[in-house]
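Residue-level listing of the chains:
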Amino acid sequence: MTKISGFSKFSKDEKIAWLTTKYFDNAQKARELLQLYWNSDLKLQKLHDEFSENTISNFYLPFGVAPNFTINNKVYAIPMTIEESSVIAAASKAAKFWNDKGGFSAKVIDTQKVGQVHFTYAGNFSTLKDFFHKNKAQLLKETENITANMVKRGGGILDLELRDKTKDLENYYQLYCTFETLDAMGANFINSCLEQIASSFKNLAIQQLDDKKPQVIMSILSNYVPNCIAHAEVSCPVADLLDEKEEAKLFAQKFVEAVKIAQIEPYRAVTHNKGIMNGIDAVILATGNDFRAVEAGVHAYAARNGQYSSLTQASIENGIFKFWIEVPLALGTVGGLTSLHPLVKLALEMLGKPSAKELMQIVAVAGLAQNFAALKSLVTTGIQEGHMKMHLMNILNQFQATNSEKEKVIEYFKSHTVSHSSVVKVLENIRNGA
Ligand SMILES: CC(C)(COP(=O)([O-])OP(=O)([O-])OC[C@H]1O[C@@H](n2cnc3c(N)ncnc32)[C@H](O)[C@@H]1OP(=O)([O-])[O-])[C@@H](O)C(=O)NCCC(=O)NCCSC(=O)C[C@@](C)(O)CC(=O)[O-]
Ligand SMILES: NC(=O)C1=CN([C@@H]2O[C@H](COP(=O)(O)OP(=O)(O)OC[C@H]3O[C@@H](n4cnc5c(N)ncnc54)[C@H](O)[C@@H]3O)[C@@H](O)[C@H]2O)C=CC1
């Protein structure tokens, strides 16, 4: 292992020279590969270099599109950034399936974000409570420089509460703050407000509290946003689900049962929700949003009742099949990367420059569509048939198949089931002239 001090101060070329000579058998080859992924437009490359730190190259992910999504009677082509085969095909197929059944309907239930100033206090709670209530207006007033523009737009700080958490951790309290950040995800805005509140809180405590002073531990937004929720759903008569009536009935029953299993069985729920996140993450990435924040918040929400469970629900009532999702999504269509990354700008334009609320609905629909496609496959053909059909190209590329080999293998698997070993065998046979 090689250690270095001052690496961050090196130029990009120096970083690459150091790295490739220390860590690679063939430094020249490694450098060439990194350079192969540089953009020839120097300005564009510099933009990407500056998104994060110690950048040495770009890492491509496929940028695709799932067309034909009817959401609240508007038709969208949804941009999706994802490396996994069959996800975009599945979303597209689900979109097409629901098109002639009225499409998807979606709404935003709430948009409240949360942030906390975490602190300890060894004194009397009633003293602290009095101090907080006496100073609450002042604490909020001192954030006005930061919140002025957000307030003008109709957002800002919604409320500030003192929360006693000493039952869970000795001397632990919070200033629990709720926010409306409109079209911004709001992390930076919220953190700036919280740090100001914490600083005012400390100063006022020094002036007004006697011997026992609160000790601020940290001030940070929460990525758990159970009150920032989008709802999406589809429904249709059971008989419309498949061409044949009895098959449609069986399909609907198995589908609802599959969702119920994911509601009560965490092993299944995690995979079920992973399928939902295939759709959600792909749109989050394409629109330059923070997928780590969304992932963390979604999974916490899925466990909100004490056991990890399905994010979707399904029912059959009076012959109507209904399938829906409720999902926490703190998204932005301004701020972050949204106006910086050219492909993110393009993705947002493709969606008709949505507000954050509209984007929440689109993302929830993408998650629901993905889950519909996966469950439809799971309770009928099994997942491998469609997934491996799409994965075929990855296997062929892994074995450096030529175009003519690819054509032959694809033709063969039009009438055979794809598996890794069967692809390898067919390719071997072609190469051996069999
Ligand atoms: C894979 C399909 C769509 C094939 O389905 P198919 O019936 O073979 O597709 P098709 O060739 O008849 O085409 C029908 C439509 O599907 C779409 N489609 C079809 N092929 C393509 C393609 N190449 N590129 C783009 N779109 C495609 C497209 O919309 C197309 O319409 P068209 O464009 O022709 O008018 C289907 O089998 C399916 O939906 N499977 C589910 C796949 C899936 O969920 N993949 C996710 C990865 S597995 C996983 O990670 C999660 C999981 C499954 O574990 C979650 C869970 O357990 O719940
Ligand atoms: N735990 C987490 O999730 C953390 C995430 N982050 C990062 O923070 C970034 C997001 O923070 P933001 O504050 O959203 O971005 P940002 O710092 O780019 O600010 C967006 C700003 O846009 C302005 N704005 C213009 N028009 C607006 C409108 N219509 N509605 C709302 N605001 C409008 C506001 O001044 C707002 O503060 C992401 O890149 C995220 O990865 C940063 C720290 C922690």
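Just so we're clear, the structure is a prediction, and the values are computed from it rather than from any experiment. (Residues numbered from 1 in each chain as written. Chains lettered and ligands numbered in written order. Predicted model: local features only at pLDDT ≥ 70, side-chain atom pairs only at ≥ 80, totals over all residues. Heavy atoms only, no water.)

## Some remarks on the packing of aromatic side chains
Here is step 1 of the chain: The full count for this structure, using the stated rule, is 23 aromatic pairs.
Here is step 2 of the chain: Where Phe125 meets Tyr173, the ring centres are 5.6 Å apart and the plane angle is 15°; that geometry is what we call stacked. Of this pair, Phe125 sits in helix H5 (residues 125-141) while Tyr173 sits in strand E6 (residues 172-180), placing them 48 residues apart in sequence.
Here is step 3 of the chain: Tyr173 gets classed as buried once you look at its relative accessible area, which sits at 4%.
Here is step 4 of the chain: Both rings, one in Tyr412 and one in Phe413, keep their centres 4.9 Å apart while their planes meet at 85°; by these two values the pair is edge-to-face. (Phe/Tyr/Trp six-rings, centres within 6.5 Å; stacked < 30°, edge-to-face > 60°. Helix = DSSP H or I, 4+ residues; strand = E, 2+ residues; numbered from the N terminus. Buried < 20%, exposed > 50% of the residue type's maximum accessible area, 1.4 Å probe, protein only.)

## Looking at the site of ligand 2
Here is step 1 of the chain: Among the 19 residues in the neighbourhood of ligand 2, the closest are listed as Gly186, Asn188, Asn223, Asp290 and Gly336.
Here is step 2 of the chain: Between ligand 2 and Ala187 there is a distance of 3.3 Å, counted from an oxygen atom to a backbone nitrogen or oxygen.
Here is step 3 of the chain: At 2.9 Å from an oxygen atom of ligand 2 is found a side-chain nitrogen or oxygen belonging to Asn223.
Here is step 4 of the chain: Relative to its free-state accessible area of 870 Å², ligand 2 is covered by the protein chains to the extent of 68%.
Here is step 5 of the chain: Among the secondary structure elements, those contributing two or more residues to the shell around ligand 2 are helix H6 (144-153) and helix H7 (187-208).
Here is step 6 of the chain: Per element, the largest residue contribution to the shell around ligand 2 is 4 residues, and it comes from H7.
Here is step 7 of the chain: Among the residues forming the shell around ligand 2, the class breakdown is 9 nonpolar, 7 polar and 3 charged.
Here is step 8 of the chain: Split by domain, the residues of the shell around ligand 2 number at least three in each of domain 2 (63-110 + 229-381) and domain 3 (113-222). (Near = heavy atom within 4 Å. Polar contact = N/O pair within 3.5 Å; in protein donor to acceptor, adjacent residues only side chain to side chain. Areas by Shrake-Rupley, 256 points an atom, 1.4 Å probe, with all protein chains shown as cover. Nonpolar A, V, L, I, M, F, W, Y, C, P; charged D, E, K, R; others polar. Domains from an automatic or database assignment.)

## What to know about the pairing of strand E9 (residues 312-317)
Here is step 1 of the chain: Strand direction decides the pairing type here: E9 and strand E10 (residues 320-328), joined by 6 bridges, are antiparallel. When the bridges of E10 are listed, Thr312 appears paired with Ile325. (Pairing = 2+ DSSP bridges.)

## Details of the sheet that holds strand E7 (residues 215-222)
Sheet strands associate in pairs through backbone hydrogen bonding, adopting either a parallel or an antiparallel arrangement.
Here is step 1 of the chain: If you trace the 4 strands from one edge of the open sheet to the other, you get E5-E6-E4-E7, paired in antiparallel fashion. Each edge of the sheet is formed by a strand with only one pairing partner; in this case those strands are strand E5 (156-164) and E7. Shown here is a sheet whose adjacent strand axes are inclined to one another by a mean of 15°, direction ignored.
Here is step 2 of the chain: Relative to E6, strand E4 (residues 113-120) is paired through 8 bridges, and the arrangement is antiparallel. Bridging across to E6, Thr120 finds its partner in Tyr172.
Here is step 3 of the chain: Against the sheet, H7 engages E4, E5, E6 and E7, with an angle of about 160° to E7. (Axes fitted to C-alpha atoms, helices over the stretch in contact; angles between N-to-C directions. Contact = heavy atoms within 4.5 Å.)

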